[in-house]
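# Results of the structural survey
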Amino acid sequence: MSEQSQTVVLVHGAFADSSSWNGVVDRLQTHGYNVIAASNPLRGLAGDAEYVRQLVASVDGPVVLVGHSYGGAVITNAATGLDNVKALVYVAAFMPDEGESALTLSEKFPGSTLGAALRPVPIVLPDGSQAADLYIEKDKFHGQFAADVPEETTAVMAATQRPVTNVALEEAAAAAAWKAIPSWVLVATEDQNIPPQAQTFMAERAKATVVNVTASHAASVSCPGDVARLINEAAKATA
């Protein structure tokens, strides 16, 4: 495969960091893509989306914007009005419509066991408001988040997880970029965070191209080849 003209921007979700994309990055770079794995602040949807929007706006040339988990909600807001975003790719991710939050979508269908695995830590946000940072309990991380990843790997992932605020998960989307930008969706059929039924519902609503993969919520870690292939498909289709 020749060197690609598109830049792939990867946006991680809650309880993870940009290193969760390492296997995907390696495969995309091998195929000539310029790749940026953004650091998602995980503080609030509007602020996180604006942070990513500014990063994407700084990229010269076309962009394939990819989100995992809560990162899907972020790219859904961030891509609105950005002419250089040619494709959206959702990996076991939220793709909210305007007015929907990650929390409401996760509760729309049965199957998520995330709530019982969370440990809240009270915090004060920069504006002085009270909130909570949410962590997955370390002894529950493997089964909840990444059951198909070796336990020695998930032990490190649990120790280095980035917390998300409850505010971010409860904040409603202000826009839905998938209504105007072609979308691709990887549904993780063994996901314990976002029910697969919810992922399928969102994908069908968006008239997205869908691939089902037997994977946990941490599909970017356990199935990087499948994720990279879907991103490549989106890039080729919109080049």
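Structure first, text after, so check above.
In this report, we go over the structure that sits alongside the text. Keep in mind it's a predicted model, so treat the numbers as computed, not measured. (Residues numbered from 1 in each chain as written. Predicted model: local features only at pLDDT ≥ 70, side-chain atom pairs only at ≥ 80, totals over all residues. Heavy atoms only, no water.)

Attention shifts here to helix α5 (residues 138–145). Of the positions making up α5, those classed as buried are F141, Q144 and F145. Along α5, the residues classed as buried sweep out an arc of 95 degrees about the axis, all on the same side. Contacts from the buried residues of α5 go to β3 (63–68), β6 (130–136) and α6 (151–160). (Buried < 20%, exposed > 50% of the residue type's maximum accessible area, 1.4 Å probe, protein only. Helix = DSSP H or I, 4+ residues; strand = E, 2+ residues; numbered from the N terminus. Arc of directions from axis to C-beta. Contact = heavy atoms within 4.5 Å.)

Let us now look at the environment of Y33. In this fold, Y33 is placed in the loop between α1 (22–30) and β2 (34–38). You can call Y33 buried: its relative accessible area is 4%. Separated by 25 residues in the primary sequence, Y33 and V8 place their C-alpha atoms 6.9 Å from one another.

This part is about the nonpolar core. F15, L65, L88 and F145 are the most contacted members of the largest nonpolar core, which has 59 residues in total. Looking at this core element by element, the count peaks at five residues for helix α3 (residues 70–78). In this view, F15 contacts L114, L118, L134, Y135, I136, F141, F145, Q161, R162, V164 and N193; residues no more than four positions away in its chain are not counted. L28, L186, V213 and A234 belong to the second-largest nonpolar core, a separate cluster that totals 27 residues. (Core = buried A, V, L, I, M, F, W, Y, C linked by side-chain atoms within 4.5 Å.)

All right, on to the sheet that holds strand β5 (residues 118–124) then. The three strands lie next to each other as β5-β6-β7, forming an open sheet whose pairing is antiparallel. Both outer strands of the open sheet, β5 and β7 (164–165), are each paired with one neighbouring strand and no more. The sheet contact formed by β6 and β7 spans two bridges and is antiparallel. Residue D133 lies in a different strand from β7, and its bridge partner there is T165. (Pairing = 2+ DSSP bridges.)

With respect to the secondary-structure elements, D48 resides in helix α2 (residues 45–57). Buried charged residue D48 carries no salt bridge. Nearest counter-charge: R43, at 6.1 Å. A polar side-chain atom of D48 sits 2.6 Å from a polar atom in the side chain of Y70. With residues up to four places along the chain from it excluded, the contact list for D48 reads N40, P41, L42, R43, Y70 and V74. (Lys, Arg positive; Asp, Glu negative; His and termini not counted. Salt bridge = Lys/Arg side-chain N within 4 Å of Asp/Glu carboxyl O. Polar contact = N/O pair within 3.5 Å; in protein donor to acceptor, adjacent residues only side chain to side chain.)

Turning our eyes to something else, we now look at the pairing of β3. Across the six residues of β3, six count as buried, placing the element largely inside the fold. Residue alternation in β3 divides its side chains into two sets, V63, L65 and G67 and V64, V66 and H68, and both sets are buried. Relative to β3, strand β1 (residues 7–11) is paired through five bridges, and the arrangement is parallel. Looking across to β3, one finds that V9 is bridged to L65.

Within the element layout of this structure, S20 appears in the loop between β1 and α1. Taking the relative accessible area as the measure of exposure, S20 reaches 10% and is therefore buried. Sequence-distant contacts of S20, that is, excluding residues within four places in its chain, are made with H12, S220 and V221.

One pass over the full model with this rule turns up three aromatic pairs. A ring pair is formed by F15 and F145, whose centres lie 6.4 Å apart and whose planes are at 85 degrees; its orientation type is edge-to-face. Of this pair, F15 sits in the loop between β1 and α1 while F145 sits in helix α5, and the two are 130 residues apart along the sequence. The pair formed by F15 and F145 is uniform in burial state, with each residue classed as buried. (Phe/Tyr/Trp six-rings, centres within 6.5 Å; stacked < 30°, edge-to-face > 60°.)

Bringing the packing of α2 against α3 into the picture now. Interaxial distance between α2 and α3 falls to 8 Å at its minimum, and their mutual angle equals 65 degrees. Here α2 is positioned roughly perpendicular relative to α3, judged by the angle of their axes. Read as a crossing pair, α2 and α3 show a hand that is right-handed. Contacts between α2 and α3 pair L45, D48, A49, V52 and R53 from the former with Y70, A73, V74, N77 and A78 from the latter. A class-by-class count of the residues in the contact of α2 with α3 yields seven nonpolar, one polar and two charged. (Axes fitted to C-alpha atoms, helices over the stretch in contact; angles between N-to-C directions. Parallel < 35°, antiparallel > 145°, perpendicular 65-115°, else oblique. Left-handed = near helix turned anticlockwise from the far one by under 90°. Nonpolar A, V, L, I, M, F, W, Y, C, P; charged D, E, K, R; others polar.)

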